[in-house]
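# Commentary on secondary and tertiary structure
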Amino acid sequence: MRTWNDLAGFLKEEFRHLTTIHPSDRMWQMPFAASLASGLPLLVGCFFGHLGYGLVSSLGGLIFLYLPPTALYHRMVSLMASAFALTACYALGVMSHLVPVLMMPVLIFIAILTTMLCRFYRVGVPGSLFFIMAASIGAYSPVELLQVPLMVGLMSMGTLLASLIAFFYSVYTLRLRPPLPIQPLPEPTFDFVVFDSVVIGACVGISLALAQVLQMEKAYWVPVSCLAVVQGASLRAVWNRQLHRILGTGVGLFLAWGILSLPLNMWSISFTMIALTFIIETVIVRHYAFAVVFITPLTILLADAAVLGHGSPTELIQARFIVTCLGSFIRP
């Protein structure tokens, strides 16, 4: 009887964590500006008939999410530092593609270094996630040597556009809400800054090695999914994030299948991604699993928007399902 009561209590607690909707004071202008930062490059790419170029620049728009709620000068300095780091990570990833033997060491080095820097300077969510994602996507991009400056330039232009949007967004919102004070950095500890970063980098490397052994076509989503889970602040946070991610991905696959079943073109793909970004940034601070429902089709479109005509929706769903679920189960 006690075992049954313990199980019932455990299930009740898990259900409470799963159904809790967190309050948020996030202004609607923030999701709108974030969707513009990553969506405008897509529209520019559509206009010139090069959606692939727009996708690279849209990755640079992710730095908008690193904008801190502090004074304007501190915001822009922090954002420009993030822009440089994101561009550097992508450039290193692209160059490692030219020497395949260096791909895994470079990604592990980037994972450790960016995690250490984010922890030392107390960079909030998403932390080192997007830096490693940019490096991973660059490492698996079929880029020739003479195309490297073009790809890195497109990423830099995306970060520049995001910085301009962040500046005008900050000027407007700081009139509505005063900035938060700049908190002094706490004393860094070896375990939190160095040891945990090395463990996280090792987990990212192991997940990437496993993906390569299984010969996954788009293996870059494995270390990204792994990092999205293991960067939880505690074991409880890691477990909650994993559970939310699995359930949200399951529902999101049906949504992605429905979207990919539609007669899509470059313009409809771009506007769909902008809408998904706006929804995600609106709800992710309230309920992670619900946000993952929309993150799943967004990541599929992000990875396959330039080649949607070469595969069926079912094939794309199956490939991304394996990658996402595998990354969700790997954790330290």
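Up top is the structure these notes are about.
All of the points below concern the structure found in this document. Note that the structure is a prediction, hence the values are computed from the model and not measured. (Residues numbered from 1 in each chain as written. Predicted model: local features only at pLDDT ≥ 70, side-chain atom pairs only at ≥ 80, totals over all residues. Heavy atoms only, no water.)

## Concerning the overall build of the chain
Along the chain, the regular secondary structure elements total 13 helices and 0 strands. What you see in the chain, going N to C, is helices and strands ordered as α-α-α-α-α-α-α-α-α-α-α-α-α. Just so you have it, the chain exposes about 16800 Å², and 74% of that area is on carbon and sulfur atoms. (Helix = DSSP H or I, 4+ residues; strand = E, 2+ residues; numbered from the N terminus. Areas by Shrake-Rupley, 256 points an atom, 1.4 Å probe, with all protein chains shown as cover.)

## What to know about the pattern of salt bridges
Applying the stated rule across the entire model yields 2 salt bridges. Across the pair glutamate 281 and arginine 26 runs a salt bridge, and its minimum N-O distance is 3.4 Å. Remark: arginine 26 occurs in the loop between α1 (2-19) and α2 (29-47) and glutamate 281 occurs in helix α11 (residues 266-283); sequence separation between them is 255 residues. Salt-bridge contacts for arginine 119 lead to aspartate 196; the nearest nitrogen and oxygen are separated by 3.1 Å. A residue pair is termed long-range when its members are at least 10 positions apart, and arginine 119 in helix α5 (residues 103-120) and aspartate 196 in helix α8 (residues 190-213) qualify at 77 residues. (Salt bridge = Lys/Arg side-chain N within 4 Å of Asp/Glu carboxyl O.)

## Here's the deal with the nonpolar core
In this structure, Phe64, Phe130, Met133 and Met273 are the most contacted members of the largest nonpolar core, which totals 63 residues. In terms of residue count, the dominant contributor to this core is helix α7 (residues 148-173) (9 residues). Beyond its immediate sequence surroundings of up to four residues, phenylalanine 130 is in contact with Leu62, Leu65, Tyr66 and Leu86. (Core = buried A, V, L, I, M, F, W, Y, C linked by side-chain atoms within 4.5 Å. Buried < 20%, exposed > 50% of the residue type's maximum accessible area, 1.4 Å probe, protein only. Contact = heavy atoms within 4.5 Å.)

## Description of the packing of aromatic side chains
For the structure on display, the rule yields 8 aromatic pairs. Ring geometry for phenylalanine 64 against tyrosine 169: centres 5.4 Å apart, planes inclined by 65°, an arrangement best described as edge-to-face. In this pair, phenylalanine 64 sits in the loop between α3 (51-60) and α4 (72-98) while tyrosine 169 sits in helix α7, placing the two residues 105 residues apart along the sequence. Among the residues examined, tyrosine 169 registers a relative accessible area of 14% and is labelled buried. Between tryptophan 267 and phenylalanine 271, the ring centres sit 6.5 Å apart and the planes meet at 25°, which makes this aromatic pair stacked. Here phenylalanine 271 and tryptophan 267 lie together in helix α11, a separation of 4 residues that amounts to about one turn. By relative accessible area, which is 47% here, phenylalanine 271 ends up partly exposed. The structure contains a cluster of three or more aromatic residues connected by ring pairs, namely Tyr66, Phe130 and Phe131. Arginine 119 extends its terminal NZ or CZ atom over the ring of phenylalanine 192, reaching a point 4.5 Å from the ring centre. (Phe/Tyr/Trp six-rings, centres within 6.5 Å; stacked < 30°, edge-to-face > 60°. Lys NZ or Arg CZ within 6 Å of the ring centre and 35° of its normal.)

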